[in-house]
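Listed below are the residues making up each chain.
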Amino acid sequence: MSEHILYEFNDGVATITLNRPDRLNALTVEMTGELLAAIEQCAGDDAVRCVVLTGAGRAFSAGQDLEEFLTVEGPWTVGEHLRHGYNRVVLALRALEKPVIGKINGVAAGAGLGIALATDLRIASEQASFVPAFIGIGLAPDSGVSWFLQQLVGPAKAFELLATGRKVGAKETLSLGLVNQVVPATELAPTVEALARQLAQGPTKGIGLTKRVLNEAASASLTDTLEYEAQVQDLAVQTADHKEGVAAFLQKRKPKFEGK
Ligand code: T3D
C-alpha cells in the first residue's frame, strides 16, 4: 500500500502492518491517512473476512511522532488534527463489520495504544507493553484511550494508569483484561495466524452484526439493548450463513460459511 503502511492479503485475512520500525512505528499525519485508507479497503472488499493489525520491528506503535508534532505547521489546532486523524482511524476500526485482531508485538503508547484498544481482540507477545504516554508529555488522553480504558478496567484503574503513565507489562495487560492472550514472542505469529484463519472461515455477517450490537450496547440501557438485539437478529436470520449453520446442524455436518 505504501512504504509505512504495508497491506497483505491471504486466504480471507488482510494484514495491515505499521512499518516505521526505526521510530517504533510512531505515526505521522501521512501514515495515519494511509492507515485509514487501508481500513477502508478492508471494509470495501468482501473477500476480506478478518483483519490483523500489527507493527514491524520491536514496537506496535509509539503513538504520534513527536518530532512531527513539534514541526507541524498550518491552520489546524491539535483538536482538529485529532478529529481528522486518530478519531477517524479509531471509529473506522470500531465500525468495520469484520473481526479485527490486534497482534501486539511490542510497546503500544499514546495514540498507538488507542489504536490497539480499538481492535476487537488482542493477542500480545510476552515482550509487549502498554504505555499511556500522554501524561509524560503533559497531555490528557486522546484517540479513545480514556473511553476504552474506563470500559475495560473501570474508572479508578483507568485513572491510575493515565495519571501515572506507567508502563504496563504483558502479564499485567492480561490480568487487567486489556489483552485476550499473551504468548511467547516466537508463538505470536502462528497463534494469530490460526485465530485469523478460524475467524475468516466464520459467518462474517453474523460476526459483523455481533460487533454492531456490542458497539451499541456499550452506551445503551438494557431495555434499549434488548430492542436493538431484536432488530439486528431480524437481519442476521436473512443471511446465507445463518441458513447454512442451521442446515449443517440438522444434517450433523460441519458448516461451510461463505461470509454472506
Ligand atoms: O496532534 C495530535 O494528534 C496529538 C496527538 C497525540 C497522541 C499521542 O500519541 S501523544 C503520545 C506520543 N507518544 C509518546 O509520548 C511516546 C514517546 N515514546 C516513549 O515514551 C518511548 O519511546 C517508548 C515507551 C514508546 C519506548 O521506549 P524505549 O526505551 O523502548 O525506546 P526509545 O529508546 O525511547 O525509542 C527508540 C527510538 O524511537 C528513539 O529514537 P533514537 O534515539 O533511536 O533515534 C526514540 O526517539 C524514537 N521514538 C519513540 N517514540 C517516538 C519516537 N520518535 C518520535 N515520536 C515518538 N512518539
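So, a few notes on the structure that sits alongside this text. Everything numeric here is computed off the predicted structure, so don't read it as measured data. (Residues numbered from 1 in each chain as written. Predicted model: local features only at pLDDT ≥ 70, side-chain atom pairs only at ≥ 80, totals over all residues. Heavy atoms only, no water.)

1. Observations regarding the sheet that holds strand β5 (residues 100-104)
Point 1. On the basis of which strands lie adjacent, the open sheet formed by six strands has the order β1-β2-β3-β5-β7-β10 and mixed pairing. The open sheet has two edge strands, β1 (5-10) and β10 (181-183), and neither has a second partner. Ignoring strand direction, the axes of neighbouring strands in this sheet form an average angle of 20°.
Point 2. Bridging between strand β2 (residues 13-18) and strand β3 (residues 50-55) involves six bridges; their strand directions are parallel. Within β3, the position partnered with L18 by the bridge is G55. (Pairing = 2+ DSSP bridges. Helix = DSSP H or I, 4+ residues; strand = E, 2+ residues; numbered from the N terminus. Axes fitted to C-alpha atoms, helices over the stretch in contact; angles between N-to-C directions.)

2. A short note on the site of the ligand
Point 1. Around the ligand sit 21 residues in total, of which R23, R58, Q64, H81 and A111 are the nearest.
Point 2. A distance of 2.6 Å is found between an oxygen atom of the ligand and a side-chain nitrogen or oxygen belonging to R23.
Point 3. Contact distances for the ligand include 2.8 Å between an oxygen atom and a side-chain N or O atom of R58.
Point 4. Within the complex, the protein chains bury 67% of what would otherwise be the 1,100 Å² of accessible surface of the ligand.
Point 5. Going through the elements one at a time, α2 (66-71) and α3 (78-84) are the ones with two or more residues in the shell around the ligand.
Point 6. Ranked by the residues each element gives to the shell around the ligand, the list is headed by α3, at three residues. (Near = heavy atom within 4 Å. Polar contact = N/O pair within 3.5 Å; in protein donor to acceptor, adjacent residues only side chain to side chain. Areas by Shrake-Rupley, 256 points an atom, 1.4 Å probe, with all protein chains shown as cover.)

3. A few points about the pairing of β5
Point 1. Most of β5 is tucked away, with four of its five residues classed as buried.
Point 2. For β5 and strand β7 (residues 121-125), the ladder comprises four bridges, and the chain directions are parallel. Residue I101 lies in a different strand from β7, and its bridge partner there is L121. (Buried < 20%, exposed > 50% of the residue type's maximum accessible area, 1.4 Å probe, protein only.)

Everything listed is a geometric property; what it means functionally is a separate question.
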